[in-house]
There are 4 protein chains.
Amino acid sequence: MKAFDPNDLRVLPPQAFSREREVRFHDIDAAGIMFYPRIFEYCNDLLVDYLASEGVGVPGVLAARRWAAPLRHVEADYFRPLRFGDRIQVALCRAQVKESAVTLAYRVGRQGEEGAVAVVQTTHVTIDPESFLRCPVPEELSRALQRFI
Amino acid sequence: MKAFDPNDLRVLPPQAFSREREVRFHDIDAAGIMFYPRIFEYCNDLLVDYLASEGVGVPGVLAARRWAAPLRHVEADYFRPLRFGDRIQVALCRAQVKESAVTLAYRVGRQGEEGAVAVVQTTHVTIDPESFLRCPVPEELSRALQRFI
Amino acid sequence: MKAFDPNDLRVLPPQAFSREREVRFHDIDAAGIMFYPRIFEYCNDLLVDYLASEGVGVPGVLAARRWAAPLRHVEADYFRPLRFGDRIQVALCRAQVKESAVTLAYRVGRQGEEGAVAVVQTTHVTIDPESFLRCPVPEELSRALQRFI
Amino acid sequence: MKAFDPNDLRVLPPQAFSREREVRFHDIDAAGIMFYPRIFEYCNDLLVDYLASEGVGVPGVLAARRWAAPLRHVEADYFRPLRFGDRIQVALCRAQVKESAVTLAYRVGRQGEEGAVAVVQTTHVTIDPESFLRCPVPEELSRALQRFI
């Protein structure tokens, strides 16, 4: 299911869409670093922001039951620990669009640091929310992702 | 909106319904103790368990859109910090049922300790999930809460 | 423990410090609205932002073990449900500083709406993180909160 | 970094250690199914339970700063959506222990269903929590994982 080599995702590409945010007080776990699944929340928040900026409002898509895009596969590679207050840059970097599946690749960096802190890839399948059966990738989604292909 | 005096909730009453659980790795925050809103997750989980034990399956109630019970008021008093791995007892202790509102009181204790670690009270209003307008407290909910009144 | 009347918190005062944010995909619960304890995350995030803007970096305070401010009491009143994608304004509005306790009041509003969606108040006690014993409210914290008193 | 073929993880092996739990009210997202990163919380909770049952108390390990095991790589494959109230079985199934890394494989099933709902694998590196430098996999951890190798 892996679409990208994690090593290819460590460098920020020119077409990336990114947002800065901070590692929050409640993202930390009992080992004193970011609880690792939070990275998927960061990516999910960014995707919602990106799609909104392209005119694809996910809240409206879900409310109208036009389509949904549950996950089929996700993976993350962590290179360095994140701590409370770290200023990070979460970037949507690459996309692969198939018949009824979309794979997105993200890079998380830390302010003032060269290398990536983590890279993530997620494969969504597109479905009809009523039947939960697969549907072709909606035109609005496919178009919004063109710049990352 | 407060229905109970927090001090009256520090002692476990005989009619309490309780479950043991542990403070989890990811309940901890950057200060090294339980992130304080997690206490409401613990109480919410217990309520779902209790109602199921009384034949009121909340998943089914929501799926059938029979009724819903969003929160109108919540409050918690914290007496001692909780740490990763602490074995706690979460107890539903008291209830007050009004026309279209229910207040529930919870106590959290720690294994081997006399006093309460925290007490919580939550006031739900009962609504029709289609209109989001208030409805009388459903008979099945009211009956399930009798032992706490 | 309540320091403010919730009704007095429904109006945004001139000295408020606020940030806009959106209700996220994963803030929603099985009833289709914001899971109610998330409101405390929103307030906590805002407090960290506000203190940083006043030169009080909470990550640094905790790392240096200068002081900590665990919660003693929290409460929230919810007036209207929040849904995925709602644009909200979270505001720190009022403060009360005592010998070793601080109560903060927050208001959450929704873009384009008059009334408050929710109001929150939280009472922190200030402690020495080594001993977990109470200490006087640190000067840096007290000074940062002056505008809300 | 992948140690196991996800397809090999779909069947519950005889040596599995498992616990039943329910998909909670607040595990659901705005699309009405389990928010996908929650699966890692389920696996993490199970690992803590398993290690405790083998005499390796993770809270004590962290408090004594004996060792820590942050994530280097995680991945999950989701085969079917999970909904509020679903009774699931989370199982730790297989392990691979290297010099300073441990890969664990988990399977999540649903009561009364044949196939897996999801499979997860996580690669931890073992470190000295003071220096954050890699250390050999601690003997107590390695021994606890023998049955899964």
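Up top is the structure.
Rules used throughout
Once a new chain begins, its residue numbering starts again from 1 and follows that chain's sequence as written. Labels are handed out in written order, letters beginning with A for the chains and numbers beginning with 1 for the ligands. Restriction of local features to residues with pLDDT of at least 70 applies here, the model being predicted, together with a cutoff of 80 or more for giving and counting side-chain atom pairs; totals for whole chains, interfaces and linings are based on all residues. Hydrogen atoms and water are omitted, and side-chain values are computed over all heavy atoms in the structure. Labels follow the DSSP assignment, with helices taken as runs of H or I lasting at least four residues and strands as runs of E lasting at least two, numbered in each case from the N terminus. Computation of the radius of gyration draws on C-alpha atoms alone. For the globule rule, the value is 2.2 Å times the number of residues to the power 0.38. Burial classes follow relative accessibility: with a 1.4 Å probe on protein chains only, a residue under 20% of its type's maximum area counts as buried, one over 50% as exposed, and anything between as partly exposed. Contacts are assigned to residue pairs that have any heavy atoms within 4.5 Å of one another. Charged-residue counts in this description rest on Lys and Arg as positive and Asp and Glu as negative, His and the chain ends being excluded. A charge is said to be at NZ when it belongs to Lys, at CZ for Arg, at CG for Asp and at CD for Glu. Alignment of copies: least-squares fit on C-alpha atoms of residues with pLDDT of at least 70 in both copies. Two aromatic rings from Phe, Tyr or Trp, using only the six-membered ring of Trp, form a pair when their centres are within 6.5 Å; if the ring planes differ by under 30 degrees the pair is stacked, by over 60 it is edge-to-face, and anything between is tilted. Geometrically, a lysine NZ or arginine CZ counts as sitting over a ring once it is within 6 Å of the ring centre and also within 35 degrees of the ring normal. At least two bridges found by DSSP between two strands is the condition for calling them paired. Axis definition: a line fitted to C-alpha atoms, limited for helices to the stretch in contact. Angles are taken between N-to-C directions and run from 0 to 180 degrees. Two parts lose some accessible area (1.4 Å probe) when they are put together, and adding that loss for both gives the buried area. For this document, the term salt bridge refers to a Lys or Arg side-chain nitrogen within 4 Å of an Asp or Glu carboxyl oxygen. What qualifies as a polar contact is a pair of N or O atoms within 3.5 Å, subject to a donor-acceptor requirement within protein and to the restriction that residues adjacent in sequence count only when both atoms come from side chains.

Trainee: Can you help me understand the overall build of chain A in this one?
Mentor: Check the secondary structure of chain A and you find three helices and five strands. What you see in chain A, going N to C, is helices and strands ordered as β-α-α-β-β-β-β-α. Expected size for 149 residues packed as a compact globule is a radius of gyration near 15 Å; at 16 Å, chain A falls within 12% of this value. Along the three orthogonal principal directions, the C-alpha set of chain A runs to about 40 × 30 × 30 Å. Buried residues in chain A amount to 60% of all 149 residues. Considering only intrachain contacts with a sequence separation of at least 6, the fraction spanning at least 24 residues in chain A is 71%. Treating the 19 positive side-chain charges of chain A as one cloud and the 20 negative ones as another, the clouds have centres 1 Å apart.

Trainee: Teacher, can you tell me more about unusual backbone geometry here?
Mentor: Residue and element names in this part refer to chain B. Positive phi, close to 55°, is recorded for arginine 65, a residue that is not glycine. Checked against the element boundaries, arginine 65 lands in the loop between helix H2 (58-63) and strand S2 (71-78). Classification of arginine 65 by relative accessible area gives partly exposed; the value is 43%. Its identity is not glycine, yet phenylalanine 132 carries a phi of approximately 60°, on the positive side. Along the polypeptide, phenylalanine 132 turns up in the loop between strand S5 (116-125) and helix H3 (139-145).

Trainee: Looking at this model, I keep getting lost on the relation of the copies chain C and chain D. Mind explaining?
Mentor: Look at the two chain copies: a rotation about an axis and a shift along it is all it takes to match them. Each copy superposes on the other: chain C lies on chain D with an RMSD of 0.0 Å after a rotation of 180° and an axial shift of 0.0 Å. With respect to symmetry, the two chain copies, as superposed, fit the operation of a two-fold axis. Rotation axis and chain C: the residue whose C-alpha lies nearest the axis is C:Asp29, separated from it by 2.9 Å. Interface overlap between copies: 100% of the residues of chain C at the interface are likewise at the interface in chain D, consistent with a symmetric, same-surface contact.

Trainee: Would you mind showing me how to read the packing of aromatic side chains here?
Mentor: Applying the stated criterion across every chain, the model contains 30 aromatic pairs over all chains. On the basis of an interplanar angle of 85° and a centroid distance of 6.3 Å, the ring pair of C:Tyr36 and C:Tyr78 is categorised as edge-to-face. Taken together, the residues span a long stretch of sequence, with C:Tyr36 in the loop between strand S1 (17-22) and helix H1 (38-53) and C:Tyr78 in strand S2 (residues 71-78) at a distance of 42 residues. Here C:Tyr36 and C:Tyr78 have matching classes, each one buried. Put simply, the rings of A:Phe25, A:Phe84, B:Phe35, B:Tyr36, B:Phe40, B:Tyr78, C:Phe35, C:Tyr36, C:Phe40, C:Tyr78, D:Phe25 and D:Phe84 pair up and form one aromatic cluster. Residue placement shows B:Arg83 over the ring face of C:Phe132; its charged tip is 4.9 Å from the ring centre. Positioned over the ring face of C:Phe79 is C:Arg10, at 3.6 Å from the centre of the ring.

Trainee: Sorry, what's going on with the sheet that holds strand S5 (residues 116-125) of chain C here?
Mentor: Through backbone hydrogen bonds, the strands of a sheet pair up, either in parallel or in antiparallel fashion. Strand order in the open sheet made by the 10 strands is S1(B)-S3(B)-S4(B)-S5(B)-S2(B)-S2(C)-S5(C)-S4(C)-S3(C)-S1(C), with antiparallel pairing throughout. Edge positions in the sheet fall to strand S1 (17-22) of chain B together with S1 of chain C, since each of these pairs with one other strand and no more. Each neighbouring strand pair of the sheet contributes to a mean axis angle of 15°, computed without reference to strand direction. Bridging between strand S4 (residues 101-110) of chain C and S5(C) involves nine bridges; their strand directions are antiparallel. In the sheet register, C:Ala101 faces S5(C), and the bridge partner there is C:Val125. Sitting on the sheet, helix H1 (residues 38-53) of chain B is in contact with S1, S2, strand S3 (87-97), strand S4 (101-110) and S5 of chain B together with S2 of chain C, with an inclination near 130° to S1(B).

Trainee: Would you mind showing me how to read the interface of chain A and chain D here?
Mentor: For an interface, size is often stated in terms of accessible area lost upon the parts coming together. Each partner contributes to the interface: chain A provides 26 residues, whereas chain D provides 26 residues. Each partner contributes to the roughly 2300 Å² buried at the junction of chain A and chain D, and carbon and sulfur atoms together form 65% of this total. The largest contributions to the chain A side of the interface with chain D come from A:Tyr36, A:Arg72 and A:Phe132, which together make up 24% of the buried area. Inspection of the region where chain A meets chain D yields four salt bridges. We note a salt bridge from A:Asp77 to D:Arg72, for which the minimum N-O separation is 2.9 Å. Counting across the chain A and chain D interface gives 11 residue pairs in polar contact (both at pLDDT 80 or more).

Trainee: Hey, could you run me through the relation of the copies chain A and chain D in this one?
Mentor: The operation relating chain A to chain D is a screw motion whose rotation component is 180°, with 0.0 Å of axial translation and a residual RMSD of 0.0 Å. Most of the interface of chain A is mirrored in chain D: 100% of its interface residues are interface residues there too.

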